[in-house]
Structures are given as C-alpha cells and as structure tokens.
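Observations on chain architecture
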Amino acid sequence: MSFTPIAAAAPRQTLSTAEIVFAYHARTKHRLERYAAGPETLDWDAQPNPFREFADCVRMTLPLTAHQLDTHFSQIYTPNSIRPLPLTIASVSTLLELSVGLSAWKQYGPDRWALRCNPSSGNLHPTETYVLSLNVPGLADGLHHYVSLDHAIEQRCWHADDSSGPARLWIGLSSVHWREAWKYGERAFRYCQLDIGHALGAIRYAAGALGWTAKAVDGLDSAALAARMGLDRTEDFADAEQEDPELLIAIDAHPAAHADLGTSAPDAWQNGADRWAGHANRLDAHPLYRWPVIDEVSRATHGEGITEDASSLSYPPIRQESGGRAADIILGRRSAQRFDSKFRMSADVFYHLLDQLMARPVAPWDVWGFAPRIHPVFFIHRVDGLEPGLYALPRHQAAARLLRQAMRADFEWQTLDSAPDHLPLVRLLSTDCRAIAKTVSCHQAIAADSCFSLSMLSEFSPVIDSDAWRYRQLHWEAGLLGHVLYLEAEAAGLRGTGIGCYFDDALHELLGLKTTQFQALYHFTVGRPLTDDRIMTLPAYPGRSRTSAPREEKQ
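Now for a description of the structure that goes with this document. The shown structure was predicted, so the numbers you read here are calculated from the model rather than taken from an experiment. (Residues numbered from 1 in each chain as written. Predicted model: local features only at pLDDT ≥ 70, side-chain atom pairs only at ≥ 80, totals over all residues. Heavy atoms only, no water.)

1. A closer look at unusual backbone geometry
The peptide bond linking A363 to P364 adopts the cis configuration, its omega dihedral lying at -5 degrees. Residue position: P364 is located in the loop between helix 8 (347-355) and strand 13 (374-380). For D239, which is not glycine, the phi torsion reads 65 degrees and is therefore positive. With respect to the helices and strands, D239 occurs in the loop between helix 5 (222-228) and strand 10 (244-252). The backbone of C442 sits at a positive phi, close to 55 degrees, despite the residue not being glycine. You can see C442 is positioned in the loop between helix 10 (434-440) and helix 11 (446-449). By relative accessible area, which is 8% here, C442 ends up buried. (Helix = DSSP H or I, 4+ residues; strand = E, 2+ residues; numbered from the N terminus. Buried < 20%, exposed > 50% of the residue type's maximum accessible area, 1.4 Å probe, protein only.)

So this is what it looks like as structure tokens:
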C-alpha cells in the first residue's frame, strides 16, 4: 500500500472546528500551477464498487411504478396542484425510483456504467440512502437500506414497538468518502457534500411529483443521525468502508392533514426487542492511498444542523409552462459531455432558468429553512439580447451590497432593462469571456462552448465562523442549485453539466476578492448538447416488469 507524502508534523496548537475547515478548504484548492493532492494514477478496472449492499438480511425488490405518474413537471412548483398519493410501498418505490434510482445504463465497447437520477461527481456516487418507516402499508416498520442497482430495499432493523397513527416516512443520506477520494484525493469531501445537495434536490422534486413535501430534519447531531441509520454499528461494517451521516429528510404525504407532525425525527432504534441484520460489503479490497484530512474535516463539521429563518424571502410566482411529464424529465436528465458552440439560447429560457434559482417557499427551496448564501456569477456567451460578459445574481437583497464591496471597483453593476423587474441580475463586465471561463474551469471546453457557465459564489467565512457544520450545508445549497439547473435545462430541451474542477483563487482574483468572505464552491454550465452516437443507452432495469409486485427474498 502506498501513501501520499505528508509533511513532517510541526508543533501545533489546538485548532477550532472553523479553523480546521478553513485550513482544509485552502489546502484543497486547485491552482493554476498545481492541482489539489490526489492519486498519481488511476486503474479504472479497480474502481470501488459503486453499489453498497448488506449481506444476511431480508431484501425486497420494489415495483417499477414511475411510468404510471402523470404529474406535469411545472406542477411540482405549485402547492396543492397535485392530489397526494397515499403513502404505501408502491408510492415509496416511486419516490426512490425518481430520486436515487437508476435512470439508464450506458455502454461503449466493453465498458458499461450506470446513470442515476441523482447526479454525482465523476459518476462515483458516494451517497447512500436509507428508508425509515412507521405504519406504511406494505413496508415493515424500521430501517431499510436502498440498493439502486436492483431497485430493492434491505431491512436492517425491525422496529418492535406497536405504533398507531399516520404513516410516516423519512429518508436518510450518508456518504462513503472513499468512493470520491479514490479518484479525487483530498478534494473528495467537497464533492461528497455537493452530491448530498443533488440528492436532496432529487428527493424534493420526486416527492413533489407525488404531491408530497420533503424537509430536512434539524436538531439532530451526527451521533443521533448515525444511530437512526445504523451507521454506528461498527460490527456491521467490519472490513468495510465507513459511512458518514449527513442528514435526515422527513416526507409528508398529507401536509394539509398532518401539519402538526412537522419535521420530527423517529425515535432511535434502542428497544431491546428491535432486531438488526446485515453486514456491509467491502467496496475496495485494495485501497492505495489514504487522505487523513478528509476524516479531520468530517469530524470538524459534525453538528446539529440548526436552521435559520428564511421567511422574509418573497418573489413573485414563477410563470410556468407544463414542461412535460415530471417522470420523463427526471429520468431523462443527463450530464452533457460536449456542447454545440454555435447554439444561442433565447432570453426567455435564460431568465426562466435564473428565476428558478431564486428561493421561494415552494419546491425545492422549502426543503429547509436556510436563507440563500450562494450567489451565481455568470459567464454569458450566447444568450439572445444579452451582451457576452460577466454577470452576477445576488440571491438576497443584502448580498448585492456585500458583493459590490468585496469585488473589483471597476465592475459596472449595470441593471438590465430586458430582465424581469424582480430578478436582480446585473452586468459586471461586457467582454468575450469564453477563454476565461474555460481557463478557470480547469481548461474544460464545456465551460466555453455552452450558452453560459457560472461559478457559485458562497458567503463563506462569516457563515463557517458561526457554525463549522455550515461548510456541509453551503455545499448542499450549491448542489441544490445545480440540480435545479439540471432539471430546468432538461425541461427546456437543453442540458447542463456540473463542474467540480476549477481554479479557486484564480477565479477570486478575476473577481477582485481579496478575503475569504466569499468563496467559489461549484461551477456549472448549460447549453445544447452534442451526443456521441457510439455510446449505447440501455434500460435502467433490463428484464424487469413495470407492473411486478414487491417480492421478498433472503440475501
């Protein structure tokens, strides 16, 4: 086993959790002269298994039911426009299929790989999904692990208490850091958090398509999360990669009828009569590197997930078109690999995409109570009616002043007559910025050949100083923004691509940022895709009947 070199340890004082986060973030920046520490070589035949499974527990294969859903995509944004489906094993199956299930298989020559509804950095998928259920018809009370490979659940814990009351459902998310670190090294923790944001968005959209709400549960510390997802049972992960608890999402299938339930968490499985089963599979039998800083920043960002009050945010309702069936758009979402560099986007489509990024008390932004802290900076290349150049979209009123104080003094801050009155888009600089966009996004052509690319600029050091756990949540917000762009681009007949590789401080210098008050957390790009006809698209679950009932089997 080989290891990346680690500098000789110098005497060090105890750092605060915020200082550990700042040190990690600075250490894992890509720079023009060097990339963040990562593996020196990759053997794709030795890639970690992207599918976690638990042996020696009961497995239930779920029915494929998403095709039966007739919800239009635009209805997800309109409260009370969808009659909620009853909470049953069939509807839970639809929720999982549309959020964290497979959407297709791809094949090129001898290589074959799966795509999922929740996008992932490098398609490595560090996110694991757990289902916690009480009184759901057809689904045993307790804890279940979801296996996207087979669209199945594995029962990890049978909850013994007899309970009465409405059906309740929660979705738990965790991260296997090694899946990302195998390829990306020390920067992998960032990507795991972005993936959680995408998964959170995927779950909220899928819940909305069923007429349900979904909201992150606050007030649970990391130990409580681990206990509810069985991640603290070290004997069940012997010789297997550990999972880091991220968050719990409360699903409400009847929000009008059960408003009093709020987002309370289920009790921990501590009853002596509760029965546990299952042992996690090992994903990588021969890891070649270790990245201790990932464990350090993970520990430093464990917290209770305290929310803010974002109730003051208010924007006019979005003008909606049908956009087609929600299931078709969600299952059809893909990451573009190349863009048509001559295609121009209409101003109407562009403004609609931006409008969807403004936080409102509807899906997907009602998934938590945090005020927006991510403010996109756009590199606009080909949008009708807009000059090519650099633009900014402050997502709350005070952000415009803070950004203007922090950025270059010679930026224009010009409002646009063509933009909707409530949309705070401003032009910073008129210029052909294709080469700049490509350079700061690690020389990737997709940032220049698209209609526009963007950097998600986050309010940073003041937020982290207040609570180091917010380092995770800020990345989740960036991932959630990316997920909105993915689905809205798909609905418009376009495609998006998330970009995790960018030169952090080169971008900051371009914008004139001299402190860590703001930091870039994610890049993204949108345009008309060019497809490679040599790559075959295959069904997500070949040979599976779309109408089969759930079936149990011992694994």
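2. Here we look at the layout of surface pockets
Its volume calculated, the second largest pocket comes out at about 720 Å³. The wall of the second largest pocket is formed by 26 residues, among which H177, W178, E241, Q242 and D295 lie closest to the centre. Elements represented by at least two residues in the lining of the second largest pocket include exactly helix 3 (177-184), helix 5, strand 10 and helix 6 (292-300). Tallying contributions element by element places helix 6 first for the lining of the second largest pocket, with five residues. When grouped by side-chain class, the residues that make up the lining of the second largest pocket number eleven nonpolar, six polar and nine charged. (1 Å grid on protein atoms, 1.4 Å probe; cavity = no way out; pocket = protein on both sides within 12 Å on 5 of 7 lines; lining within 4 Å. Points joined across faces, edges and corners; volume = space filled by probe spheres on them. Nonpolar A, V, L, I, M, F, W, Y, C, P; charged D, E, K, R; others polar.)

3. Concerning helix 14 (residues 504-511)
Two residues of an α-helix separated by three or four positions point the same way, owing to the 3.6 residues in each turn. Where helix 14 is concerned, the buried positions are D504, L507, H508 and L511. Buried residues of helix 14, viewed axially, fall in a sector of 100 degrees; they line one side. G512 occupies a position one or two residues after helix 14 and carries a positive phi of about 85 degrees. (Arc of directions from axis to C-beta.)

4. A short note on the packing of aromatic side chains
Taken as a whole and assessed by the stated rule, the structure comprises 22 aromatic pairs. Ring geometry for Y77 and Y205: centres 5.9 Å apart, planes at 85 degrees, overall edge-to-face. Of this pair, Y77 sits in the loop between strand 2 (58-61) and helix 2 (89-99) while Y205 sits in helix 4 (residues 188-209), placing them 128 residues apart in sequence. Among the residues examined, Y205 registers a relative accessible area of 1% and is labelled buried. Considering the side-chain rings of F189 and Y471, the 6.4 Å spacing of their centres and the 5 degrees angle between planes classify their relative orientation as stacked. (Phe/Tyr/Trp six-rings, centres within 6.5 Å; stacked < 30°, edge-to-face > 60°.)

5. Structural notes on the state of the cysteines
In this structure the tally under the stated criterion is one disulfide. Here C442 pairs with C501 through a disulfide, and the sulfurs are 2.2 Å apart. With the S-S bond torsion at -85 degrees, the cross-link from C442 to C501 turns out left-handed. Of the two residues, C442 is situated in the loop between helix 10 and helix 11 and C501 in the loop between strand 18 (495-499) and helix 14; the sequence distance between them amounts to 59 residues. (Disulfide = S-S within 2.5 Å.)

6. Some points on the pattern of salt bridges
Using the criterion set out here, one finds 30 salt bridges in the structure. A salt bridge links K29 to D505; the shortest N-O distance between them is 2.8 Å. In this pair, K29 is assigned in the loop between helix 1 (17-27) and strand 1 (54-55) and D505 in helix 14, connecting sequence segments 476 residues apart. The salt bridge partner of R472 is D244, with a shortest N-O separation of 2.9 Å. In this pair, R472 is assigned in helix 13 (residues 470-491) and D244 in strand 10, connecting sequence segments 228 residues apart. In this structure D244 comes out as buried when scored by relative accessible area, which is 8%. When salt bridges with common partners are traced through the structure, they connect E53, R59, D150 and E154 into a single cluster. (Salt bridge = Lys/Arg side-chain N within 4 Å of Asp/Glu carboxyl O.)

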